[in-house]
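An overview of the molecular structure
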Amino acid sequence: MQIDRSKLDLPLAGAKGETDDEGFCFPISPFMIFPEACAEFAVYVRKGKNLILFTRQGEQFTGAHKASLHENGIREVYIQSSQKPDYDRYLEEHLGTILIDESIPSSVRSSVLYHQATSILGEIFETNRHGLSSGSLNKLKNIVRSSLQFLSTGAALRAMAPVMSHGYGVHTHSANVFIYSAAILGSWKMPVEERLKTALGAILHDIGKATMPRVILNKHGKLNTEERDLMKMHPVRGVGMCAMFHIGQTVIHCLLFHHEKLDGSGYPAGLSESRIPLHARIVGAVDAFDTFTSERYFYADPLSAHQALTFLGEEMAGWYDPEVIIQFGKKLREAGID
Ligand SMILES: [Fe+2]
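Only a predicted model underlies this, so the values are computations on that prediction, with no experimental measurement involved. (Residues numbered from 1 in each chain as written. Predicted model: local features only at pLDDT ≥ 70, side-chain atom pairs only at ≥ 80, totals over all residues. Heavy atoms only, no water.)

Quick notes on the coordination of the iron ion
Taken together, the protein donors to the iron ion comprise D206 (OD), H234 (NE2), H258 (NE2) and H259 (NE2), at separations of 2.1 to 2.3 Å. Sequence spacing among the residues donating to the iron ion works out to D-x27-H-x23-H-H. In this pair, H234 is assigned in helix α10 (residues 234-241) and H259 in the loop between α11 (249-257) and α12 (278-292), connecting sequence segments 25 residues apart. (Donors = N, O, S within 2.8 Å, 3.2 Å for Na, K, Ca; no water. Helix = DSSP H or I, 4+ residues; strand = E, 2+ residues; numbered from the N terminus.)

Below is the structure:
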């Protein structure tokens, strides 16, 4: 293996997991380093208990480098934790390239996409409580643009399923609703630009919850009437948070109307049937599906995908668009999710 040994060897301080306990370095898949990309971070390989410099910061990573890692059976390379912001920026720039690169296992691509989406959403829900920053919005637009095509097939949904969290976080819920919506949009007859806007509306649909008190947002269990009334303000607050941007009516509709029901019993406007825009009906149905299949389902244990679909289509008939549920069911079956 061609390794530059002129640089100081670095002690490997607990390089397991995403970052080590001492915040020193973190492992990544060698698939994430692209030949001809000029990385703004140094890459290290493990040798015994030490990390050895493999490519310098700013050095072009070549096909020969990649072949060398492959020939030596290296499954992980390492980046210093202090350079994580540079690595995140690099991933953001290359996400579209990563997702269409068939030489990268779909499990690796799925995990990079989910990690990127949930990291950005997590940061937004933590730091954008009074308004969405243009930087945050641009990051989400980049995720949507880079991944919509990748997410359009049942095969992609199958690859995403193992990495999707069904825990309690509003950021993982937002990512899941985006992924499910993108899968439905993949076979929905709709202009590409409208698909992009609907997908952006899906990833942003609950952004108004960023303004909610943490004690309510993170409450495990049923909300009381007062808390529920406050939470019902999140669609309107979400629109308010985006008011300074020209995000378009489709996106606004997804934020504002994803809790409307076909029978008119939803909120905030009590719209019914086709008065609820199609984009909002798609987001609303998968929003409910993700809630029923996750730990956020307050009234019972999480349902299986099959149970949740049946529940939406039968027990809740009259609330969600039957055509959306049929199309979603097809995608889930294609993905082998039941
Ligand atoms: Fe919501």
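Once you've had a look at it, read on.
Overview of the packing of helix α2 (residues 84-100) against helix α3 (residues 106-127)
Taken N-terminus to C-terminus, the directions of α2 and α3 make an angle of 130°; their axes are 10 Å apart at the nearest point. By the angle between their directions, the pair α2 and α3 is classed as oblique. Judged by the twist between their axes, the crossing of α2 over α3 is left-handed. When α2 is examined against α3, the residues K84, D88, L91, E92, L95, I98, L99 and I100 are found in contact with a partner set consisting of R109, V112, L113, H115 and Q116. Class assignment for the residues of the contact of α2 with α3 results in seven nonpolar, two polar and four charged. (Axes fitted to C-alpha atoms, helices over the stretch in contact; angles between N-to-C directions. Parallel < 35°, antiparallel > 145°, perpendicular 65-115°, else oblique. Left-handed = near helix turned anticlockwise from the far one by under 90°. Contact = heavy atoms within 4.5 Å. Nonpolar A, V, L, I, M, F, W, Y, C, P; charged D, E, K, R; others polar.)

Digging into the nonpolar core
With 103 residues, the main nonpolar core has M32, Y87, I203, L204, I207 and F289 as its most contacted residues. Counting residues per element, this core draws most heavily on helix α6 (residues 170-185), at 10 residues. Built from parts of two domains, this core gets at least three residues from each of domain 1 (1-82) and domain 2 (105-334). Once you skip the residues sitting within four places of it in the chain, M32 turns out to touch Y87, Y90, L91, I98, I104, V108 and V112. Counting six residues, the second-largest nonpolar core is a separate cluster that includes C25, A42, L53 and Y78. (Core = buried A, V, L, I, M, F, W, Y, C linked by side-chain atoms within 4.5 Å. Buried < 20%, exposed > 50% of the residue type's maximum accessible area, 1.4 Å probe, protein only. Domains from an automatic or database assignment.)

Focus on the domain arrangement of the protein
Domains assigned within the protein are domain 1 (1-82) and domain 2 (105-334). Applying the counting criterion to the domain 1 and domain 2 interface returns zero salt bridges. The tally of links from domain 1 across to domain 2 stands at zero residue pairs in polar contact (both at pLDDT 80 or more). Per-class residue counts for the side of domain 1 that touches domain 2 are two nonpolar, one polar and one charged. (Salt bridge = Lys/Arg side-chain N within 4 Å of Asp/Glu carboxyl O. Polar contact = N/O pair within 3.5 Å; in protein donor to acceptor, adjacent residues only side chain to side chain.)

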